[in-house]
Amino acid sequence: MNRTTAAVRVAAVAALTGLAACTSSGAPDGPEAGHPASAPAALPALRTAERSTQQAGTARVRSTTVMGSQLSLTADGLLAWRDGLSGSLTLRYTGGTAAKTMRGLGVTSMQARYLHDAYYARMGDAFAAKTGGRHWLRYAYEDLKSLGGGADLAEQMRSTTPDQSVRLLLDSEDVRAVGEETVDGRSTTHYSGTVAVGDVTDAGLRQRLRSAGVTGESLDIWIDEKNLLVKKVEKSSTTGGKVTQTAHYGDYGVKVAVRRPPAADTQDFKALLSQSGTNPS
């Protein structure tokens, strides 16, 4: 695999990873699905937070993700989830073997725009000079299966939202309120729990987690006095190692308008790989 092909794949992984850090890996179907039969005292408050965060519709987010020695990155931007997921994030590569690959091509950060049918990654001038002068790579969601993860990867990109971090914690058997804490200048209640993939009752969520190699995870979230998600810390055990994601949320209700990049400055990733003689699958 040449450097350009490797960078195209790293850009896809980074855009997906940055989004997953800001949202979640999935959620049970229906407001009560998968919740423990003997509901702890924390559940009513979490159900209210789930609804309030979902109804807010938009937010400013910033996150960090560490995937063992493979990749670490930060993400900062805006997301909207009223009608499917859309948004714009700036991703910065901060470490790992994947970051080294990108730095070799002069790429230390990347803009990612998420629309309903595809997402776009802006790779910078140095990369564009090696790929026909176009700065943006377009990844149609239906094409993501060729990058590994199959259709579940595309479904995760299109359907995950910040409120689902709360919903995932509702599926924990040991969810509990830890205490009152101040986070980002806001008074919050800290909740914590663990989720074993084998115990997740929703088949779709269980399959998505297993497809990602997740065997179990712990989740901590902080909810403010307006019942909105302020912060989450998600630690997953996967077949490839440990993954830690931390995300902060604010400016709920902010206007989010995502523009499709100019067609003349956009290259489809499958076409790019075909030109280089690489089979995308």
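Because the structure is predicted, anything quoted here is derived from the model rather than measured. (Residues numbered from 1 in each chain as written. Predicted model: local features only at pLDDT ≥ 70, side-chain atom pairs only at ≥ 80, totals over all residues. Heavy atoms only, no water.)

Draft legend 1. Highlighting the overall build of the protein. Assigned secondary structure in the protein consists of 8 helices and 12 strands. A buried classification covers 54% of the 281 residues belonging to the protein. In the protein, of all internal contacts separated by at least 6 residues, the share reaching a separation of at least 24 is 62%. Element-wise, carbon and sulfur atoms account for 47% of the exposed surface of the protein, whose accessible area totals about 12,000 Å². (Helix = DSSP H or I, 4+ residues; strand = E, 2+ residues; numbered from the N terminus. Buried < 20%, exposed > 50% of the residue type's maximum accessible area, 1.4 Å probe, protein only. Contact = heavy atoms within 4.5 Å. Areas by Shrake-Rupley, 256 points an atom, 1.4 Å probe, with all protein chains shown as cover.)

Draft legend 2. Here's a closer look at the environment of Thr-53. Within the secondary structure, Thr-53 sits in helix 2 (residues 43–56). For Thr-53, the residues in contact, after removing those within four places along its chain, are Trp-81, Pro-162, Asp-163, Asn-227, Leu-228, Leu-229 and Tyr-252. A distance of 2.9 Å separates a polar side-chain atom of Thr-53 from the backbone oxygen of Ala-49. (Polar contact = N/O pair within 3.5 Å; in protein donor to acceptor, adjacent residues only side chain to side chain.)

Draft legend 3. Molecular detail of the sheet that holds strand 11 (residues 241–250). The strand order across the open sheet built from 12 strands is 7-8-9-10-11-1-2-3-4-5-6-12, with neighbouring strands paired in mixed fashion. Two strands bound the open sheet, and with one partner strand each, they are strand 7 (176–183) and strand 12 (266–268). With strand direction ignored, the average angle separating the axes of adjacent strands in the sheet is 20°. As defined by bridge partners, strand 2 (residues 71–80) adjoins strand 3 (residues 86–95) across 9 bridges and the pair is classed as antiparallel. Directly across from Ala-80, in strand 3, lies its bridge partner Ser-86. (Pairing = 2+ DSSP bridges. Axes fitted to C-alpha atoms, helices over the stretch in contact; angles between N-to-C directions.)

Draft legend 4. Representation of the pairing of strand 2 in the model. Strand 2 sits mainly inside the fold: 8 of its 10 residues count as buried. If you look at the hairpin formed by strand 1 (residues 58–67) and strand 2, you'll find 3 residues sitting between the two strands, and Gly-68 has a positive phi there, around 55°. Counting the residues that bridge the hairpin from strand 2 to strand 3 gives 5 residues, and of these Gly-84 lies at a positive phi of roughly 80°.

Draft legend 5. Geometry of the pattern of salt bridges. This structure, assessed with the given rule, holds 8 salt bridges. Two residues, Glu-50 and Arg-167, come together in a salt bridge whose shortest N-O distance is 3.0 Å. Residue Glu-50 is located in helix 2, and its partner Arg-167 is located in helix 6 (residues 163–170); the two are separated by 117 residues in the primary sequence. Classification of Arg-167 by relative accessible area gives buried; the value is 13%. Among the salt bridges present, the one from Asp-224 reaches Arg-186, with a minimum N-O distance of 3.0 Å. Here Asp-224 is found in strand 9 (residues 214–224), whereas its partner Arg-186 is found in strand 8 (residues 186–196), with 38 residues between them in sequence. A cluster of three or more residues bridged by salt bridges with shared partners is formed by Asp-117, Arg-138, Arg-260 and Asp-268. (Salt bridge = Lys/Arg side-chain N within 4 Å of Asp/Glu carboxyl O.)

Draft legend 6. Geometry of the pairing of strand 7. Bridge count for strand 7 against strand 8 is 7 bridges, and the pairing is antiparallel. Across the sheet, residue Gly-179 finds its bridge partner in strand 8, namely His-190. Here strand 7 hands over to strand 8 after 2 residues, with Asp-184 in that stretch at a positive phi of 50°.

Draft legend 7. Examining the side chain of Thr-266 more closely. Checked against the element boundaries, Thr-266 lands in strand 12. By relative accessible area, Thr-266 is classed as buried at 11%. If we skip the residues at most four places from it in the chain, Thr-266 touches Tyr-120, Arg-134, Trp-136, Arg-138 and Pro-261.

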